[in-house]
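# Descriptive structure summary
The chain contents come next:
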Amino acid sequence: MDAAALPGFLAFDGDEPAGLVTYVERDGGREVEVVTLDAWLPGRGVGRALLDAVRGEAVRRGADRLTLITTNDNTHALRFYQRYGFDLVALHRHGVDAARRLKPGIPAEADGIPIRHELELELPLSAG
């Protein structure tokens, strides 16, 4: 998937870019999936503001849920997403191993943790 071609939101700190989120509609518009989320100023609320923007757009479109996938090594993001309200709904065992066959540049580990699995998270939305 070419994330550069997806809709999204850009956050700024003054005139400087502070973060970017991209998303895609799935399941006939019932689901909005966060594809990328990058906050370049950690601890400043940029990630939360970007998720708030996508969440608002998803509700406006009438989606039932906001979803995303991260990897098993991404413990900082996993904590952030759960604190935001996302719930872990699926483990795709060896999902990264399969993706690595298509994209060999995916690293084998991060911070001493082997990168093997995809974790799927979901945030139910109330359109009303």
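One can find the structure itself at the top, above this paragraph.
Residues numbered from 1 in each chain as written. Predicted model: local features only at pLDDT ≥ 70, side-chain atom pairs only at ≥ 80, totals over all residues. Heavy atoms only, no water.

All right, on to the nonpolar core then. Across soluble globular proteins, nonpolar side chains have a tendency to be buried as a group. Counting residues in each nonpolar core, the largest one holds 24 residues, and the members touching the most others are Val34, Leu66, Tyr81 and Phe86. If you list the elements that add at least two residues to this core, you get strand 2 (16–26), strand 3 (31–39), helix 1 (46–60), strand 4 (65–71), helix 2 (75–84) and strand 8 (118–124). Broken down by element, this core gets its largest block of residues, 5 residues, from helix 1. (Core = buried A, V, L, I, M, F, W, Y, C linked by side-chain atoms within 4.5 Å. Buried < 20%, exposed > 50% of the residue type's maximum accessible area, 1.4 Å probe, protein only. Helix = DSSP H or I, 4+ residues; strand = E, 2+ residues; numbered from the N terminus.)

Attention now goes to the pattern of salt bridges. Counted under the stated rule, the structure contains 11 salt bridges. Across the salt bridge formed by Arg65 and Asp27, the nearest N and O atoms sit 2.8 Å from each other. With Arg65 in strand 4 and Asp27 in the loop between strand 2 and strand 3, the pair connects residues that are 38 residues apart, well separated along the chain. The class for Arg65 is buried, based on a relative accessible area of 16%. Two residues, Asp64 and Arg30, come together in a salt bridge whose shortest N-O distance is 2.7 Å. Of this pair, Asp64 sits in the loop between helix 1 and strand 4 while Arg30 sits in the loop between strand 2 and strand 3, and the two are 34 residues apart along the sequence. Residue classification places Asp64 among the partly exposed residues on the basis of a relative accessible area of 34%. Through salt bridges with shared partners, one network takes in Asp27, Arg30, Glu31, Asp64, Arg65 and Glu122. (Salt bridge = Lys/Arg side-chain N within 4 Å of Asp/Glu carboxyl O.)

The next point concerns the packing of aromatic side chains. A full pass over the atoms with the stated rule returns 4 aromatic pairs. Here Phe9 and Tyr23 contribute two aromatic rings whose centre-to-centre distance is 6.1 Å and whose plane-to-plane angle is 20°, an arrangement assigned as stacked. Pair noted here: Phe9 is in strand 1 (residues 8–13) and Tyr23 is in strand 2, with a separation of 14 residues, a long-range link. According to the relative accessible area criterion, Phe9 is partly exposed, its value standing at 27%. Owing to a relative accessible area of 4%, Tyr23 belongs among the buried residues under this scheme. Taken together, a centroid distance of 5.5 Å and an interplanar angle of 55° make the contact between Phe80 and Tyr81 tilted. (Phe/Tyr/Trp six-rings, centres within 6.5 Å; stacked < 30°, edge-to-face > 60°.)

The side chains of a regular strand alternate between the sheet's two faces. Judged from the 6 bridges that link them, strand 1 and strand 2 form a sheet pairing that is antiparallel. Of the residues in strand 2, the one forming a bridge with Asp13 is Glu16. Linking strand 1 back to strand 2 in an antiparallel pair, the connection comprises 2 residues, with Gly14 at a positive phi of about 70°. In this sheet, strand 3 lies alongside strand 2 in antiparallel orientation, the contact comprising 8 bridges. Counted as the bridge partner of Glu25 is Val32 from strand 3. (Pairing = 2+ DSSP bridges.)

Take the packing of helix 1 against helix 2 next. Viewed as axis vectors pointing N to C, helix 1 and helix 2 meet at an angle of 55°, and their least axial separation amounts to 12 Å. Taken together, the axes of helix 1 and helix 2 are oblique relative to one another. The two elements helix 1 and helix 2 meet at a crossing, and its hand is right-handed. In this structure, helix 1 contributes Gly47, Arg48, Leu51, Asp52 and Arg55 to the contact, and helix 2 contributes Phe80, Tyr81, Arg83 and Tyr84. Per-class residue counts for the contact of helix 1 with helix 2 are 4 nonpolar, 1 polar and 4 charged. (Axes fitted to C-alpha atoms, helices over the stretch in contact; angles between N-to-C directions. Parallel < 35°, antiparallel > 145°, perpendicular 65-115°, else oblique. Left-handed = near helix turned anticlockwise from the far one by under 90°. Contact = heavy atoms within 4.5 Å. Nonpolar A, V, L, I, M, F, W, Y, C, P; charged D, E, K, R; others polar.)

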